[in-house]
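Notes for the structure review
The residues making up each chain are set out below.
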Amino acid sequence: MFSMAADWIVTLVGSREHYAVPRAFLRRGRLLRLYTDAWCGFGRGLLRRGPASWRAMAGRYHPEIPPQRVTAFTPKALMDRVGQPRNRSVEAEHLEYLRIGKQFCEAVNRDLARRKFSADELRFYGYDTACLETMQMLRERGVFCVVDQIDPGRVEEEMVLEEVQRWPGWEKVEGRKPEVYWKRLHEEWKLADAVVVNSQWSKDALVKQGVAAEKVVVIPLAYEDSTNAALERKSGGPLHVLWLGSVILRKGIQYLVEAAKLLLGSDVLITVAGPIAISQEAVKSAPANMKFIGRVTRDEAAGMYREADLFVLPTISDGFAITQLEAMSHGLPVIATPNCGRVVTDELDGRIVPTRDAKALAEAILWFANDRRKLRAASEAAKAKSREFSVHHLSGWLEQLDVLAEGRRGARSAV
(Lines give C-alpha, C1' and ligand atoms only; values in the text may rest on other atoms or scores of the structure.)
Protein backbone atom coordinates (compact mmCIF):
# COMPACT_ATOMS: atom_id res chain seq x y z
CA MET A 1 0.00 0.00 0.00
CA PHE A 2 1.28 3.48 -0.84
CA SER A 3 1.79 5.84 2.10
CA MET A 4 0.00 9.17 2.32
CA ALA A 5 3.09 10.71 3.94
CA ALA A 6 5.12 10.54 0.71
CA ASP A 7 2.83 10.85 -2.22
CA TRP A 8 4.87 11.85 -5.29
CA ILE A 9 6.39 9.37 -7.68
CA VAL A 10 8.90 10.63 -10.24
CA THR A 11 9.78 8.83 -13.45
CA LEU A 12 13.00 9.85 -15.16
CA VAL A 13 15.09 8.52 -18.02
CA GLY A 14 18.60 9.84 -17.38
CA SER A 15 19.80 11.91 -14.43
CA ARG A 16 18.43 15.37 -15.17
CA GLU A 17 19.79 18.03 -12.78
CA HIS A 18 21.46 15.16 -10.92
CA TYR A 19 18.03 14.02 -9.71
CA ALA A 20 17.13 17.45 -8.29
CA VAL A 21 13.34 17.02 -8.51
CA PRO A 22 13.14 13.69 -6.64
CA ARG A 23 15.67 15.02 -4.12
CA ALA A 24 13.51 18.10 -3.57
CA PHE A 25 10.42 15.96 -2.98
CA LEU A 26 12.45 13.74 -0.65
CA ARG A 27 13.57 16.70 1.47
CA ARG A 28 9.91 17.60 1.96
CA GLY A 29 9.12 14.04 2.98
CA ARG A 30 7.00 13.65 -0.14
CA LEU A 31 8.96 11.28 -2.40
CA LEU A 32 7.33 7.89 -2.55
CA ARG A 33 9.41 6.42 -5.36
CA LEU A 34 11.81 7.28 -8.14
CA TYR A 35 11.48 5.16 -11.26
CA THR A 36 14.50 5.51 -13.53
CA ASP A 37 16.05 3.62 -16.41
CA ALA A 38 19.39 3.02 -14.66
CA TRP A 39 20.60 3.31 -11.08
CA CYS A 40 24.19 2.39 -10.36
CA GLY A 41 24.40 2.29 -6.58
CA PHE A 42 26.91 -0.52 -6.93
CA GLY A 43 29.52 -1.34 -9.54
CA ARG A 44 30.34 2.21 -10.57
CA GLY A 45 34.06 1.41 -10.57
CA LEU A 46 33.48 -1.47 -12.95
CA LEU A 47 31.36 0.70 -15.26
CA ARG A 48 34.12 3.31 -15.41
CA ARG A 49 36.41 0.64 -16.86
CA GLY A 50 33.87 -0.45 -19.46
CA PRO A 51 32.96 0.86 -22.93
CA ALA A 52 32.45 4.61 -23.36
CA SER A 53 28.68 4.14 -23.48
CA TRP A 54 28.81 2.45 -20.07
CA ARG A 55 31.21 4.92 -18.44
CA ALA A 56 28.61 7.65 -18.68
CA MET A 57 26.24 5.41 -16.70
CA ALA A 58 28.52 5.52 -13.66
CA GLY A 59 27.00 8.87 -12.70
CA ARG A 60 23.47 7.42 -12.56
CA TYR A 61 23.26 7.57 -8.79
CA HIS A 62 22.85 10.02 -5.93
CA PRO A 63 23.67 9.14 -2.31
CA GLU A 64 20.88 11.36 -0.98
CA ILE A 65 18.15 9.11 -2.41
CA PRO A 66 17.71 5.89 -0.38
CA PRO A 67 17.96 2.79 -2.58
CA GLN A 68 14.68 1.47 -1.17
CA ARG A 69 12.94 4.44 -2.81
CA VAL A 70 14.34 3.60 -6.28
CA THR A 71 13.05 1.22 -8.92
CA ALA A 72 15.39 0.97 -11.91
CA PHE A 73 15.73 -1.19 -15.01
CA THR A 74 19.51 -1.01 -15.21
CA PRO A 75 20.39 -4.19 -17.16
CA LYS A 76 18.03 -3.20 -19.98
CA ALA A 77 19.42 0.35 -20.06
CA LEU A 78 22.99 -0.96 -20.27
CA MET A 79 22.15 -3.33 -23.09
CA ASP A 80 20.38 -0.55 -24.99
CA ARG A 81 23.63 1.40 -24.98
CA VAL A 82 25.71 -1.36 -26.49
CA GLY A 83 26.26 -0.97 -30.20
CA GLN A 84 24.29 2.25 -30.56
CA PRO A 85 25.39 3.89 -33.83
CA ARG A 86 27.05 7.30 -33.74
CA ASN A 87 26.02 10.29 -35.83
CA ARG A 88 22.46 9.10 -36.39
CA SER A 89 20.14 11.31 -38.37
CA VAL A 90 17.96 13.72 -36.40
CA GLU A 91 14.93 11.63 -37.27
CA ALA A 92 16.54 8.35 -36.22
CA GLU A 93 17.78 9.82 -32.96
CA HIS A 94 14.34 11.06 -31.96
CA LEU A 95 12.62 7.87 -33.00
CA GLU A 96 15.02 6.14 -30.62
CA TYR A 97 13.99 8.56 -27.83
CA LEU A 98 10.38 7.55 -28.46
CA ARG A 99 11.21 3.84 -28.41
CA ILE A 100 13.09 4.16 -25.12
CA GLY A 101 10.36 6.38 -23.62
CA LYS A 102 7.56 3.95 -24.45
CA GLN A 103 9.58 0.95 -23.29
CA PHE A 104 10.34 2.74 -20.01
CA CYS A 105 6.66 3.59 -19.46
CA GLU A 106 5.66 -0.02 -20.01
CA ALA A 107 8.16 -1.18 -17.37
CA VAL A 108 6.92 1.45 -14.91
CA ASN A 109 3.30 0.51 -15.57
CA ARG A 110 3.97 -3.17 -14.89
CA ASP A 111 5.35 -2.26 -11.47
CA LEU A 112 2.57 0.20 -10.67
CA ALA A 113 -0.10 -2.33 -11.65
CA ARG A 114 0.99 -4.51 -8.73
CA ARG A 115 0.45 -1.73 -6.20
CA LYS A 116 -2.72 -0.54 -4.51
CA PHE A 117 -3.39 3.17 -4.20
CA SER A 118 -6.14 5.75 -4.46
CA ALA A 119 -6.07 8.98 -6.43
CA ASP A 120 -5.72 11.00 -3.23
CA GLU A 121 -2.64 9.06 -2.09
CA LEU A 122 -0.50 9.56 -5.17
CA ARG A 123 0.74 12.31 -7.49
CA PHE A 124 2.86 11.82 -10.56
CA TYR A 125 5.80 13.77 -12.06
CA GLY A 126 7.32 12.63 -15.37
CA TYR A 127 9.44 14.03 -18.20
CA ASP A 128 8.55 14.58 -21.83
CA THR A 129 8.64 11.65 -24.27
CA ALA A 130 8.93 9.16 -21.38
CA CYS A 131 5.67 9.43 -19.45
CA LEU A 132 2.68 9.23 -21.83
CA GLU A 133 1.57 5.64 -21.19
CA THR A 134 2.10 6.01 -17.44
CA MET A 135 -0.03 9.15 -17.37
CA GLN A 136 -2.73 7.37 -19.37
CA MET A 137 -2.89 4.62 -16.76
CA LEU A 138 -2.78 6.95 -13.77
CA ARG A 139 -5.26 9.48 -15.14
CA GLU A 140 -7.78 6.64 -15.55
CA ARG A 141 -7.48 6.20 -11.78
CA GLY A 142 -7.85 9.94 -11.15
CA VAL A 143 -4.22 10.63 -10.21
CA PHE A 144 -2.91 14.20 -10.59
CA CYS A 145 -0.22 14.13 -13.31
CA VAL A 146 2.58 16.53 -14.24
CA VAL A 147 4.83 16.45 -17.30
CA ASP A 148 8.12 18.36 -17.29
CA GLN A 149 8.78 19.73 -20.80
CA ILE A 150 12.52 20.28 -20.89
CA ASP A 151 12.71 22.44 -24.03
CA PRO A 152 10.51 24.90 -25.97
CA GLY A 153 9.38 22.28 -28.48
CA ARG A 154 8.72 23.02 -32.12
CA VAL A 155 9.37 26.76 -31.69
CA GLU A 156 12.98 25.91 -30.92
CA GLU A 157 13.33 23.56 -33.88
CA GLU A 158 12.10 26.24 -36.29
CA MET A 159 14.72 28.65 -34.94
CA VAL A 160 17.46 26.06 -35.40
CA LEU A 161 16.36 25.40 -38.98
CA GLU A 162 16.65 29.13 -39.63
CA GLU A 163 20.24 28.97 -38.36
CA VAL A 164 21.01 26.04 -40.68
CA GLN A 165 19.90 28.22 -43.59
CA ARG A 166 21.91 31.20 -42.34
CA TRP A 167 25.07 29.15 -41.85
CA PRO A 168 25.30 26.63 -44.72
CA GLY A 169 27.88 23.91 -44.24
CA TRP A 170 28.05 24.34 -40.45
CA GLU A 171 25.60 21.67 -39.30
CA LYS A 172 27.17 18.22 -39.16
CA VAL A 173 23.86 16.32 -39.11
CA GLU A 174 20.87 18.09 -40.64
CA GLY A 175 17.22 17.10 -40.56
CA ARG A 176 13.93 17.50 -38.76
CA LYS A 177 12.34 15.65 -35.90
CA PRO A 178 9.60 13.27 -37.10
CA GLU A 179 5.95 14.25 -36.76
CA VAL A 180 5.33 11.26 -34.51
CA TYR A 181 7.70 12.89 -32.00
CA TRP A 182 5.66 16.09 -31.91
CA LYS A 183 2.44 14.09 -31.71
CA ARG A 184 3.66 12.34 -28.56
CA LEU A 185 4.61 15.66 -26.94
CA HIS A 186 1.21 17.16 -27.68
CA GLU A 187 -0.54 14.08 -26.28
CA GLU A 188 1.48 14.41 -23.06
CA TRP A 189 0.71 18.13 -22.76
CA LYS A 190 -3.00 17.48 -23.33
CA LEU A 191 -3.20 14.64 -20.83
CA ALA A 192 -1.25 16.29 -18.00
CA ASP A 193 -2.95 18.35 -15.31
CA ALA A 194 0.07 20.68 -15.33
CA VAL A 195 3.03 21.19 -17.66
CA VAL A 196 6.24 22.29 -15.95
CA VAL A 197 8.76 24.34 -17.90
CA ASN A 198 11.98 25.88 -16.63
CA SER A 199 11.74 29.39 -18.08
CA GLN A 200 9.30 32.03 -19.23
CA TRP A 201 10.86 31.61 -22.66
CA SER A 202 9.66 27.99 -22.74
CA LYS A 203 6.24 28.90 -21.40
CA ASP A 204 5.69 31.47 -24.14
CA ALA A 205 6.78 28.88 -26.71
CA LEU A 206 4.36 26.23 -25.43
CA VAL A 207 1.48 28.69 -25.38
CA LYS A 208 2.22 29.39 -29.05
CA GLN A 209 1.90 25.64 -29.62
CA GLY A 210 -1.57 25.50 -28.10
CA VAL A 211 -1.00 24.75 -24.41
CA ALA A 212 -3.28 26.79 -22.15
CA ALA A 213 -1.23 29.41 -20.29
CA GLU A 214 -2.89 28.57 -16.96
CA LYS A 215 -1.72 24.97 -17.33
CA VAL A 216 1.98 25.88 -17.63
CA VAL A 217 4.02 26.29 -14.44
CA VAL A 218 7.48 27.88 -14.55
CA ILE A 219 9.93 26.16 -12.17
CA PRO A 220 13.63 26.99 -12.69
CA LEU A 221 16.32 24.34 -12.59
CA ALA A 222 18.35 23.76 -9.44
CA TYR A 223 22.07 23.27 -8.97
CA GLU A 224 24.23 22.77 -5.91
CA ASP A 225 28.01 23.05 -6.03
CA SER A 226 29.49 20.17 -4.07
CA THR A 227 33.06 21.47 -4.29
CA ASN A 228 32.66 24.71 -2.31
CA ALA A 229 35.83 25.88 -4.03
CA ALA A 230 37.21 29.19 -2.81
CA LEU A 231 37.47 31.97 -5.36
CA GLU A 232 41.07 32.61 -6.32
CA ARG A 233 41.00 34.66 -9.49
CA LYS A 234 44.18 35.97 -11.01
CA SER A 235 44.48 39.75 -11.19
CA GLY A 236 46.24 40.05 -14.55
CA GLY A 237 46.87 38.35 -17.87
CA PRO A 238 44.42 37.61 -20.67
CA LEU A 239 40.70 37.33 -19.99
CA HIS A 240 39.91 33.62 -20.24
CA VAL A 241 36.44 33.07 -21.67
CA LEU A 242 34.82 29.65 -21.44
CA TRP A 243 32.12 27.94 -23.48
CA LEU A 244 31.10 24.58 -22.01
CA GLY A 245 28.37 22.49 -23.58
CA SER A 246 27.35 20.97 -26.87
CA VAL A 247 28.99 22.82 -29.76
CA ILE A 248 25.90 23.28 -31.92
CA LEU A 249 24.12 26.02 -33.84
CA ARG A 250 21.27 26.10 -31.31
CA LYS A 251 23.72 27.19 -28.61
CA GLY A 252 25.01 30.04 -30.80
CA ILE A 253 28.57 28.85 -31.44
CA GLN A 254 28.51 30.56 -34.84
CA TYR A 255 28.11 33.97 -33.21
CA LEU A 256 30.90 33.30 -30.73
CA VAL A 257 33.23 32.51 -33.65
CA GLU A 258 32.29 35.82 -35.27
CA ALA A 259 32.71 37.65 -31.95
CA ALA A 260 36.17 36.10 -31.55
CA LYS A 261 37.16 37.53 -34.93
CA LEU A 262 36.11 40.98 -33.71
CA LEU A 263 38.22 40.46 -30.57
CA LEU A 264 41.47 39.69 -32.40
CA GLY A 265 44.16 41.96 -30.99
CA SER A 266 42.47 42.29 -27.60
CA ASP A 267 43.64 40.49 -24.45
CA VAL A 268 41.01 37.75 -24.69
CA LEU A 269 41.35 33.97 -25.10
CA ILE A 270 38.31 31.77 -25.74
CA THR A 271 38.11 28.05 -24.94
CA VAL A 272 35.27 25.93 -26.35
CA ALA A 273 34.73 22.67 -24.45
CA GLY A 274 32.09 20.09 -25.27
CA PRO A 275 31.11 17.55 -27.90
CA ILE A 276 31.59 19.10 -31.33
CA ALA A 277 28.55 18.74 -33.57
CA ILE A 278 29.48 21.28 -36.23
CA SER A 279 31.54 20.58 -39.34
CA GLN A 280 35.33 20.59 -39.35
CA GLU A 281 35.19 23.42 -41.88
CA ALA A 282 33.25 25.50 -39.36
CA VAL A 283 35.78 24.74 -36.62
CA LYS A 284 38.64 25.70 -38.93
CA SER A 285 37.00 29.08 -39.57
CA ALA A 286 37.63 30.10 -35.94
CA PRO A 287 40.39 32.69 -35.35
CA ALA A 288 43.64 32.11 -33.45
CA ASN A 289 42.28 33.46 -30.14
CA MET A 290 39.81 30.57 -29.96
CA LYS A 291 40.48 26.87 -29.33
CA PHE A 292 38.19 23.81 -29.41
CA ILE A 293 39.07 20.95 -27.06
CA GLY A 294 36.09 18.62 -27.52
CA ARG A 295 34.21 16.57 -24.94
CA VAL A 296 35.36 16.82 -21.31
CA THR A 297 34.57 14.73 -18.22
CA ARG A 298 32.74 16.16 -15.20
CA ASP A 299 36.03 16.43 -13.29
CA GLU A 300 37.73 18.16 -16.20
CA ALA A 301 34.79 20.56 -16.51
CA ALA A 302 35.16 21.60 -12.86
CA GLY A 303 38.81 22.39 -13.48
CA MET A 304 37.96 24.45 -16.54
CA TYR A 305 35.45 26.52 -14.59
CA ARG A 306 38.13 27.25 -12.00
CA GLU A 307 40.64 28.34 -14.65
CA ALA A 308 38.24 30.65 -16.53
CA ASP A 309 37.25 34.26 -15.84
CA LEU A 310 34.00 34.52 -17.79
CA PHE A 311 31.34 32.15 -19.17
CA VAL A 312 29.51 32.66 -22.47
CA LEU A 313 26.08 31.28 -23.40
CA PRO A 314 24.95 33.01 -26.63
CA THR A 315 22.12 30.50 -27.03
CA ILE A 316 19.47 30.79 -29.71
CA SER A 317 17.09 28.79 -27.51
CA ASP A 318 17.35 26.77 -24.29
CA GLY A 319 14.73 25.49 -21.89
CA PHE A 320 17.00 26.84 -19.15
CA ALA A 321 20.74 25.95 -19.61
CA ILE A 322 21.98 24.68 -16.27
CA THR A 323 25.58 25.49 -17.26
CA GLN A 324 24.94 29.11 -16.32
CA LEU A 325 24.31 28.01 -12.72
CA GLU A 326 27.35 25.74 -12.74
CA ALA A 327 29.51 28.60 -13.99
CA MET A 328 28.14 31.06 -11.44
CA SER A 329 28.72 28.60 -8.61
CA HIS A 330 32.41 28.74 -9.57
CA GLY A 331 32.33 32.54 -9.51
CA LEU A 332 32.11 33.12 -13.26
CA PRO A 333 29.98 35.99 -14.54
CA VAL A 334 27.78 34.80 -17.40
CA ILE A 335 27.00 36.39 -20.76
CA ALA A 336 23.63 35.00 -21.85
CA THR A 337 20.69 35.81 -24.11
CA PRO A 338 17.03 36.27 -23.12
CA ASN A 339 16.12 32.91 -24.72
CA CYS A 340 16.78 30.71 -21.69
CA GLY A 341 16.19 30.69 -17.94
CA ARG A 342 16.21 34.10 -16.26
CA VAL A 343 19.31 33.87 -14.11
CA VAL A 344 21.64 36.69 -15.14
CA THR A 345 21.05 40.26 -13.98
CA ASP A 346 22.60 42.56 -16.57
CA GLU A 347 25.73 44.40 -15.36
CA LEU A 348 25.47 42.76 -11.91
CA ASP A 349 26.50 39.11 -12.30
CA GLY A 350 26.86 39.05 -16.07
CA ARG A 351 25.49 40.55 -19.24
CA ILE A 352 22.39 39.93 -21.35
CA VAL A 353 22.94 40.26 -25.10
CA PRO A 354 20.53 39.82 -28.02
CA THR A 355 20.52 36.51 -29.86
CA ARG A 356 22.31 36.33 -33.21
CA ASP A 357 24.41 39.43 -32.48
CA ALA A 358 28.16 38.80 -32.63
CA LYS A 359 28.99 42.50 -32.20
CA ALA A 360 26.98 42.77 -28.97
CA LEU A 361 28.61 39.57 -27.71
CA ALA A 362 32.11 40.90 -28.42
CA GLU A 363 31.29 44.21 -26.71
CA ALA A 364 30.00 42.38 -23.61
CA ILE A 365 33.23 40.38 -23.39
CA LEU A 366 35.27 43.57 -23.68
CA TRP A 367 33.10 45.17 -20.97
CA PHE A 368 34.73 42.71 -18.57
CA ALA A 369 38.15 42.53 -20.23
CA ASN A 370 38.66 46.29 -20.02
CA ASP A 371 37.61 46.66 -16.36
CA ARG A 372 38.78 43.92 -14.02
CA ARG A 373 37.07 45.59 -11.06
CA LYS A 374 33.75 44.99 -12.77
CA LEU A 375 34.84 41.41 -13.38
CA ARG A 376 35.71 40.81 -9.72
CA ALA A 377 32.47 42.38 -8.49
CA ALA A 378 30.43 40.36 -10.97
CA SER A 379 32.28 37.21 -9.89
CA GLU A 380 31.20 37.67 -6.27
CA ALA A 381 27.64 38.47 -7.35
CA ALA A 382 27.54 35.38 -9.56
CA LYS A 383 28.54 33.11 -6.69
CA ALA A 384 25.77 34.61 -4.56
CA LYS A 385 23.21 34.32 -7.36
CA SER A 386 23.90 30.61 -7.80
CA ARG A 387 22.79 29.97 -4.22
CA GLU A 388 19.30 31.19 -5.12
CA PHE A 389 18.81 28.10 -7.31
CA SER A 390 19.44 25.35 -4.78
CA VAL A 391 17.46 22.15 -4.25
CA HIS A 392 16.07 23.83 -1.13
CA HIS A 393 14.61 26.59 -3.31
CA LEU A 394 13.33 23.98 -5.77
CA SER A 395 11.43 22.32 -2.92
CA GLY A 396 9.57 25.57 -2.38
CA TRP A 397 8.85 26.09 -6.08
CA LEU A 398 7.40 22.58 -6.34
CA GLU A 399 4.76 23.47 -3.76
CA GLN A 400 2.88 25.18 -6.61
CA LEU A 401 2.04 21.71 -7.90
CA ASP A 402 0.56 20.62 -4.57
CA VAL A 403 -1.64 23.72 -4.60
CA LEU A 404 -2.88 22.82 -8.09
CA ALA A 405 -3.47 19.20 -7.06
CA GLU A 406 -5.45 20.22 -3.98
CA GLY A 407 -7.48 22.64 -6.08
CA ARG A 408 -8.36 19.89 -8.52
CA ARG A 409 -9.32 17.54 -5.69
CA GLY A 410 -11.49 20.25 -4.13
CA ALA A 411 -13.23 20.87 -7.43
CA ARG A 412 -13.84 17.14 -7.86
CA SER A 413 -15.26 16.87 -4.35
CA ALA A 414 -17.65 19.76 -4.99
CA VAL A 415 -19.22 18.02 -7.99
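The preceding data block contains the structure.
Notes on the structure in this doc start here. By convention here, each chain's residues receive numbers from 1 onward along its written sequence. Local features in a predicted model are, by the rule used here, given only for residues with pLDDT of at least 70; side-chain atom pairs are given and counted only at 80 or more, and totals for whole chains, interfaces and linings are based on all residues. For the side-chain quantities, the full set of heavy atoms in the structure was used; hydrogens and water were omitted.

**Considering the pattern of salt bridges**
Inclusion rule: The rule for a salt bridge is simple: a side-chain nitrogen of Lys or Arg has to be within 4 Å of a carboxyl oxygen of Asp or Glu. Under the DSSP-based scheme used, a helix requires at least four consecutive residues in state H or I and a strand at least two consecutive residues in state E, with every element numbered from the N terminus. Think of it in three bands: residues with accessible area under 20% of the maximum for their type are buried, residues over 50% are exposed, and the middle band is partly exposed, with areas taken using a 1.4 Å probe on protein chains only.
According to the stated counting rule, one finds 32 salt bridges in the structure shown. When the shortest N-O distance is used, the salt bridge between Arg184 and Glu188 registers 3.9 Å. You can see Arg184 and its partner Glu188 sitting in helix α8 (residues 179-191), 4 residues apart, about one turn around the helix. Of the two residues, Arg184 and Glu188, both sit in the buried class. One salt bridge in this structure joins Glu258 and Lys261, with 3.1 Å as the shortest N-O distance. Separated by 3 residues within a single helix, Glu258 and Lys261 lie in helix α10 (residues 253-262), roughly one turn from each other. You can call Glu258 partly exposed: its relative accessible area is 25%.

**So, the environment of Arg176**
The criterion, for reference: N or O atoms closer than or at 3.5 Å make up a polar contact, with two conditions inside protein: a donor-capable atom paired with an acceptor-capable one, and, for residues adjacent in sequence, both atoms drawn from side chains.
Within the secondary structure, Arg176 is located in the loop between α7 (154-166) and α8. A relative accessible area of 42% places Arg176 in the partly exposed class. Placed 86 residues apart in sequence, Arg176 and Val90 show a C-alpha to C-alpha distance of 6.0 Å. Within polar-contact distance, the side chain of Arg176 engages the side chain of Glu158 at 2.5 Å.

**Points about the side chain of Asp402**
The following threshold applies: Working rule for contacts: check all heavy atoms of both residues, and any pair within 4.5 Å makes them a contact.
Looking at where Asp402 falls in the secondary structure, it is placed in helix α16 (residues 391-414). Looking at Asp402, the relative accessible area reads 8%, which means it is buried. Engagement of the side chain of Asp402 in a polar contact is seen with the side chain of Arg28, the distance being 2.5 Å. Every residue in contact with Asp402, bar those within four places of it in the chain, is listed here: Trp8, Arg28, Arg30 and Arg123.

**Brief notes about the sheet that holds strand β3 (residues 70-72)**
Strands belonging to one sheet form pairs held by backbone hydrogen bonds; the direction of such a pair is parallel or antiparallel. For the record, the criterion: When DSSP locates at least two bridges between a pair of strands, those strands are taken to pair. Axes, fitted as lines to C-alpha atoms, cover a helix only where it is in contact. Angles between the N-to-C directions of the axes lie from 0 to 180 degrees.
Ordered by their spatial adjacency, 7 strands build an open sheet running β3-β2-β1-β4-β5-β6-β7, and the pairing between neighbours is parallel. Unpaired on one side and paired on the other, β3 and β7 (216-218) mark the two borders of the sheet. Pairs of neighbouring strands in the sheet enclose a mean axial angle of 20 degrees, with direction left out of account. Where strand β6 (residues 194-197) lies against β7, 3 bridges are found, and the strand directions are parallel. Note that in β7 the partner of Val197 across the bridge is Val218.

**A look at the environment of Ala92**
Along the chain, Ala92 falls in helix α5 (residues 90-112). On the basis of relative accessible area, Ala92 is assigned to the partly exposed category, the value being 32%. Linking Ala92 and Gly175, residues 83 residues apart in sequence, is a C-alpha distance of 9.8 Å.

**Observations regarding α7**
For clarity, the threshold we go by: For a helix, the expected span equals 1.5 Å multiplied by the residue count minus one.
In this model α7 runs 19 Å from its N-terminal to its C-terminal C-alpha over 13 residues, within 8% of the 18 Å that 1.5 Å per residue would give. Regarding α7, the residues found buried are Val155, Glu156, Glu157, Met159, Val160, Leu161, Glu163 and Val164. Lining the buried residues of α7 we find α8, α9 (200-208) and α10.

**A few points about the pairing of strand β4 (residues 123-127)**
Definition in use: When the strands point away from the viewer and the path from the first strand over the helix to the second turns clockwise, the crossover is right-handed.
The buried fraction of β4 amounts to 5 of the 5 residues, a majority that puts the element mostly inside the structure. As defined by bridge partners, strand β1 (residues 8-12) adjoins β4 across 3 bridges and the pair is classed as parallel. Following the sheet pairing, Trp8 is matched in β4 by Arg123. Note: β4 against strand β5 (residues 144-148), 5 bridges, orientation parallel. Bridging from a neighbouring strand, Gly126 pairs with Val147 of β5. Handedness of the crossover is the feature at issue here: the chain leaves β4, passes through helix α6 (residues 132-140), returns alongside β5, and the resulting connection is right-handed.

**Details of the state of the cysteines**
The following threshold applies: Throughout, a disulfide means two cysteine sulfur atoms within 2.5 Å of one another.
Following the criterion strictly, the structure yields 0 disulfides and no others. Cys131 supplies the cysteine sulfur nearest to Cys145, a cysteine that is in no disulfide, at a spacing of 8.3 Å. Residue classification places Cys145 among the buried residues on the basis of a relative accessible area of 0%.

**A few points about the side chain of Ser279**
Locating Ser279 in the fold gives a position in the loop between β9 (268-273) and α11 (280-284). Here Ser279 falls in the buried class, since its relative accessible area comes to 9%. Aside from chain neighbours lying at most four places away, what touches Ser279 is Gly169, Trp170 and Lys172.

**Here we look at the nonpolar core**
Put simply, the test is: Side-chain atoms within 4.5 Å are what join buried Ala, Val, Leu, Ile, Met, Phe, Trp, Tyr and Cys residues into a set we call a nonpolar core.
Ile253, Leu256, Met290, Phe292 and Ile365 are the most contacted members of the largest nonpolar core, which has 42 residues in total. Contacts of Phe292, omitting those with residues within four sequence positions, involve Val247, Ile253, Val257, Val272, Ile276, Ile278, Val283 and Ala286.

**Comments concerning the sheet that holds strand β10 (residues 290-294)**
Pairing is parallel across the open sheet formed by 6 strands, whose spatial order is β10-β9-β8-β11-β12-β13. Each of the sheet's edge strands pairs with one partner strand only, and the pair in question is β10 and β13 (350-352). For this sheet, the mean inter-axis angle between neighbouring strands, taken without regard to orientation, is 20 degrees. Here strand β8 (residues 239-244) pairs with β9 via 6 bridges, running parallel. Each residue of the ladder has a partner; that of Leu239, found in β9, is Val268. Against the sheet, helix α12 (residues 298-307) touches β8, β9, β10 and β11 (310-313), its axis set at about 150 degrees to β8.

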